[in-house]
Amino acid sequence: DVKVTQSSRYLVKRTGEKVFLECVQDMDHENMFWYRQDPGLGLRLIYFSYDVKMKEKGDIPEGYSVSREKKERFSLILESASTNQTSMYLCASSAPETGNTIYFGEGSWLTVV
Amino acid sequence: AQSVSQHNHHVILSEAASLELGCNYSYGGTVNLFWYVQYPGQHLQLLLKYFSGDPLVKGIKGFEAEFIKSKFSFNLRKPSVQWSDTAEYFCAVNDWNSGNTPLVFGKGTRLSVIA
């Protein structure tokens, strides 16, 4: 089974803090994604990456950045957290040989106070 | 750009009732279609997917979905729901021709099954 692991399930941060959300997948997938999930809004794509050291903006990249230094790891960075970034963050991975089925991690609940 | 519409925000059914959740997408090309489910407190799981072939797709836990190309629809069905089907359901689509495009999700439908 594909395993996508998000290092933190629950975080509470203060406004203005720098926040790192880490994600690791164990299936050598080329593609990795960060979504945020909000009630009534579904899942919205923040950033994605097709390969090491490359990244593409999704639908809502403002206030976020990402890093992919190794194939298995994709980090989401909030440079200066704000209260409107309180949300559930979902990491996912996929590969062409799996039919591009996306596999999700368990999510990270971030509260910014 | 692709978009996905899920018509029902919240559906409440009694156990043993039949379920149909609507999903329409806007994209003129060939697509891959997915339904994901999120049970309370759990991560998103794939229910079923359609890439090509038979437009009636069967997934896990007795769910099925039918791709109707002329209607740009991929509705999810189950003949008889159980209390354990209480969850949020998401329809998603991506471009079949491109190996790497991210999924575009609908806003989700919350299903509550009551005894």
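Calculation criteria
Residues numbered from 1 in each chain as written. Chains lettered and ligands numbered in written order. Predicted model: local features only at pLDDT ≥ 70, side-chain atom pairs only at ≥ 80, totals over all residues. Heavy atoms only, no water. Contact = heavy atoms within 4.5 Å. Buried area = accessible area lost by both parts, 1.4 Å probe. Salt bridge = Lys/Arg side-chain N within 4 Å of Asp/Glu carboxyl O. Polar contact = N/O pair within 3.5 Å; in protein donor to acceptor, adjacent residues only side chain to side chain. Nonpolar A, V, L, I, M, F, W, Y, C, P; charged D, E, K, R; others polar. Helix = DSSP H or I, 4+ residues; strand = E, 2+ residues; numbered from the N terminus. Buried < 20%, exposed > 50% of the residue type's maximum accessible area, 1.4 Å probe, protein only. Core = buried A, V, L, I, M, F, W, Y, C linked by side-chain atoms within 4.5 Å. Disulfide = S-S within 2.5 Å. Phe/Tyr/Trp six-rings, centres within 6.5 Å; stacked < 30°, edge-to-face > 60°.

## Looking at the interface of chain B and chain A
Logical step 1: The interface of chain B with chain A comprises 22 residues on the first partner and 22 residues on the second.
Logical step 2: Surface buried jointly by chain B and chain A totals about 1700 Å² across both partners, of which 56% is contributed by carbon and sulfur atoms.
Logical step 3: Joining chain B to chain A, the criterion identifies 0 salt bridges.
Logical step 4: In this assembly, chain B and chain A are joined by 4 residue pairs in polar contact (both at pLDDT 80 or more).
Logical step 5: Per-class residue counts for the side of chain B that touches chain A are 9 nonpolar, 10 polar and 3 charged.

## Things to note about unusual backbone geometry
All names here are of chain B.
Logical step 1: Positive phi, close to 80 degrees, is recorded for Ala 16, a residue that is not glycine.
Logical step 2: You can see Ala 16 is positioned in the loop between β2 (10-14) and β3 (19-21).
Logical step 3: Phi at Lys 61 is positive, roughly 60 degrees, even though this residue is not glycine.
Logical step 4: For Lys 61, the location among the structural elements is in the loop between β7 (56-58) and β8 (64-68).

## Here we look at the pattern of salt bridges
Logical step 1: What the rule picks out here adds up to 10 salt bridges over all chains.
Logical step 2: In this structure, the salt-bridge partner of Glu 79 of chain A is Lys 18 of chain A, at a minimum N-O distance of 3.5 Å. Taken together, the positions of Glu 79 of chain A in the loop between β9 (73-78) and β10 (87-94) and Lys 18 of chain A in the loop between β2 (10-13) and β3 (19-21) put the pair 61 residues apart, joining distant regions of the chain.
Logical step 3: Exposure remark for Glu 79 of chain A: the relative accessible area of 44% places this residue in the partly exposed category.
Logical step 4: With a shortest N-O distance of 2.9 Å, Asp 38 of chain A and Arg 44 of chain A are connected by a salt bridge.
Logical step 5: Taking relative accessible area as the criterion, Arg 44 of chain A reaches 26% and is therefore assigned partly exposed.
Logical step 6: Ionic contacts of the salt-bridge type, sharing partners, join the residues Lys 58, Glu 64, Glu 66 and Arg 77 of chain B into one network.

## Here we look at the environment of Gly 108 of chain B
Residues and elements named next belong to chain B.
Logical step 1: Among the structural elements, Gly 108 can be located in the loop between β11 (104-105) and β12 (109-114).
Logical step 2: Residue Gly 108 is classed as buried on the basis of its relative accessible area of 3%.
Logical step 3: With near-sequence residues (within four places) excluded, Gly 108 lies in contact with Gln 6, Asn 8, His 9, Glu 88, Tyr 89 and Phe 90.

## Some thoughts on the environment of Phe 34 of chain B
Logical step 1: The residue Phe 34 of chain B is located in strand β5 (residues 31-38) in this model.
Logical step 2: Here the alpha-carbon distance between Phe 34 of chain B and Pro 55 of chain B, two residues 21 residues apart in the chain, equals 12 Å.

## Comments concerning the nonpolar core
Logical step 1: Ranked by size, the top nonpolar core spans 28 residues in total, and within it Leu 33, Trp 35, Leu 47, Leu 48, Phe 74, Leu 76 and Tyr 89 of chain B carry the most contacts.
Logical step 2: Put simply, the parts of the chain that give this core at least two residues each are β2, β3, β5, β6 (45-50), β8, β9 (73-78), β10 (87-95) and β12 of chain B.
Logical step 3: In contact with Leu 47 of chain B, not counting residues within four places along its chain, are Trp 35, Tyr 36, Val 37, Gly 59, Ile 60, Phe 63, Leu 76 and Tyr 89 of chain B.
Logical step 4: Ranked by size, the runner-up nonpolar core spans 20 residues in total, among them Val 19, Met 32, Leu 78 and Cys 91 of chain A.

## Details of the state of the cysteines
Residue and element names in this part refer to chain B.
Logical step 1: In the structure shown here, the tally under the stated rule is 2 disulfides over all chains.
Logical step 2: Covalent S-S linkage joins Cys 23 and Cys 91, the inter-sulfur distance amounting to 1.9 Å. Between Cys 23 and Cys 91, the disulfide has an S-S torsion of -65 degrees and is therefore left-handed. Linking Cys 23 in the loop between β3 and β4 (24-26) with Cys 91 in strand β10, this pair joins segments that are 68 residues apart in sequence. Considered together, Cys 23 and Cys 91 belong to a single accessibility category, that of buried residues.

## Some points on the packing of aromatic side chains
Two aromatic rings are characterised by how far apart their centres lie and by the angle between their planes.
Logical step 1: Scanning all chains against the criterion turns up 16 aromatic pairs over all chains.
Logical step 2: When the centroid spacing of 6.3 Å and the interplanar angle of 35 degrees are considered together, the rings of Phe 33 of chain A and Tyr 35 of chain A count as tilted.
Logical step 3: The class of Phe 33 of chain A is buried, set by a relative accessible area of 1%.
Logical step 4: Tyr 35 of chain A sits in the buried class, given a relative accessible area of 1%.
Logical step 5: Note on Phe 34 of chain B and Phe 51 of chain B: the rings are 5.7 Å apart at their centroids and 70 degrees apart in plane angle, and the pair reads as edge-to-face. Taken together, the positions of Phe 34 of chain B in strand β5 and Phe 51 of chain B in the loop between β6 and β7 put the pair 17 residues apart, joining distant regions of the chain.

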